[in-house]
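Listed here are the chains, written in short residue letters.
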Amino acid sequence: MTATSVETKKAKSCCGPECCADEAPKAEAAKPAAAPERMVAEVREKYGRIAAEGGSCCGPNSCGGTSEVPVSLGIGYSPEELAALPEGANLGLGCGAPLAALAPRRGETVLDLGSGAGIDVLLAARAVGEEGRAIGIDMTPEMLKKARANAAKVGAWNAEFREGRLEELPVASASVDAVTSNCVINLVPDKSKVFAEVARVLRPGGRLVISDIVLDGALPERIERDVYAYVGCISGAALRERYFGWLRAAGFAEIEVLKDVDYLAMLKDTAPEEAGAVLERTGTKWEEIEGRVRSITFRARKAA
Ligand SMILES: C[S@@+](CC[C@H](N)C(=O)[O-])C[C@H]1O[C@@H](n2cnc3c(N)ncnc32)[C@H](O)[C@@H]1O
């Protein structure tokens, strides 16, 4: 993580625990493991609100109300990539820049899991050209509406956005060359189902590059039970060994971590008020969680 990226996270932490604190999720202290569909509903509501209200977390005056561009440069997008996007496609919701490592080729079909307002689908559509396709899946209608409008703005007719859940992809088996996803799988209660679905839709030998949050150590139960921490991409995250175990069980090999950043240390340094608030609310000490929440980007391949 460069100094720039740390600085830009300070500007806006859309996946931070206190984002949207003025619009509290309804399920107070629901334990995610005990109420998975309730957490999915919270996630859909939160991201629907973000899509409806514009480019910042909860509207232009929340979360610092700063530009998405420096945030995205900080997590790895190039200025050239960002310049190619229509306004509103980049909501600053990712935790990495997986598409560059995925390197889509002309003519390929690329699938983006949890496509938001379309940032990675539109970049993939450009890379695969007219003979290829880029497909985004999202469960939030407001995000899909925004993504389709963004594709129309740039005439990306090879980009398509489908409503659906990552646990049951509306995609034909063995129809996709490459899969990507940016800061989404941590929000899905049953991650093993997601990887099984990715294996089903990828062609033999197909590849993936994903950015996501994983845990290097369990979180205190007080944070695990916190809804803000769940929709803020922290407590929905799985232990790294379990996460990669599910990936391997789904039939993936050649797993390689390309980037590994201490997500909460970054938050502590750069947005101490946000980090402090989640600790205070849940009565947690820094030492109990330090180093455990990781923002990673990894690649893997389905057996040929
Ligand atoms: C943190 S945002 C990331 C959006 C996009 N990848 C980006 O980088 O801007 C998470 C997105 O995943 C979607 N999502 C979360 N859980 C999902 C699920 N189980 N099935 C389908 N979409 C989901 C949300 O609606 C939201 O648009």
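Description of the structure in this document.

What counts, and where the lines are drawn
Residues numbered from 1 in each chain as written. Predicted model: local features only at pLDDT ≥ 70, side-chain atom pairs only at ≥ 80, totals over all residues. Helix = DSSP H or I, 4+ residues; strand = E, 2+ residues; numbered from the N terminus. Buried ≥ 20, exposed ≤ 12 C-beta atoms within 10 Å, placed from the backbone. Contact = placed C-beta atoms within 7 Å. Near = placed C-beta within 6 Å. Nonpolar A, V, L, I, M, F, W, Y, C, P; charged D, E, K, R; others polar. Pairing = 2+ DSSP bridges. Right-handed = clockwise from strand over helix to strand, strands pointing away.

### Quick word on the overall build of the chain
The helix and strand tally for the chain stands at 14 helices and eight strands. Residues classed as buried in the chain amount to 51% of the 304 residues present. Partitioning the intrachain contacts of the chain with sequence separation of at least 6 by distance along the chain shows that 79% fall at a separation of at least 24.

### Examining the site of the ligand
Residues in close proximity to the ligand total 24 residues, the closest being G94, G114, G116, M139 and T140. Taken together, the elements giving at least two residues each to the shell around the ligand come down to α2 (36–53) and β2 (133–138). Considering each element in turn, the shell around the ligand owes the most residues, four residues, to α2. Considering only residue class, the shell around the ligand consists of 15 nonpolar, six polar and three charged.

### Things to note about the environment of L111
Note that L111 resides in strand β1 (residues 109–113). In this structure L111 comes out as buried when scored by C-beta crowding, with 27 C-beta atoms within 10 Å. Taking the C-alpha atoms as reference, L111 lies 7.7 Å from I137; in sequence the two are 26 residues apart. With residues near it in sequence (within four places) discarded, L111 still touches I135, I137, V171, V176, V179 and V201.

### Some details on the pairing of β2
With six of six residues buried, β2 lies mostly within the body of the structure. Side-chain alternation along β2 places R133, I135 and I137 on one buried face and A134, G136 and D138 on a second face that is also buried. Summarising the sheet, β1 and β2 pair through five bridges and their orientation is parallel. Paired with V110 across the two strands is A134, which belongs to β2. Read from β1 through helix α6 (residues 119–128) to β2, the crossover connection turns out right-handed. One ladder, built from five bridges, connects β2 with strand β3 (residues 159–163); its direction is parallel. Pairing of A134 across the sheet is with A159, part of β3. At this point the chain moves from β2, through helix α7 (residues 141–153), to the parallel β3, and the crossover so formed is right-handed.

### Quick look at the environment of A41
Within the secondary structure, A41 is located in helix α2. Judged by local crowding, A41 falls into the partly exposed class, with 14 C-beta atoms found within 10 Å.

### A look at unusual backbone geometry
A positive phi angle, near 50°, is found at A103, a position not held by glycine. Relative to the helices and strands, A103 resides in the loop between α5 (98–102) and β1. By C-beta crowding, A103 is classed as exposed, having 11 other C-beta atoms within 10 Å. A positive phi angle, near 65°, is found at C183, a position not held by glycine. For C183, a count of 22 C-beta atoms within 10 Å corresponds to the buried category.

### Some details on the pairing of strand β5 (residues 202–215)
The element β5 is extensively covered by neighbouring structure, given that ten of its 14 residues are classed as buried. In this sheet, β5 lies alongside strand β4 (residues 176–182) in parallel orientation, the contact comprising six bridges. Paired with A178 across the two strands is R207, which belongs to β5. Handedness of the crossover joining β4 and β5 through helix α8 (residues 191–201) is recorded here as right-handed.

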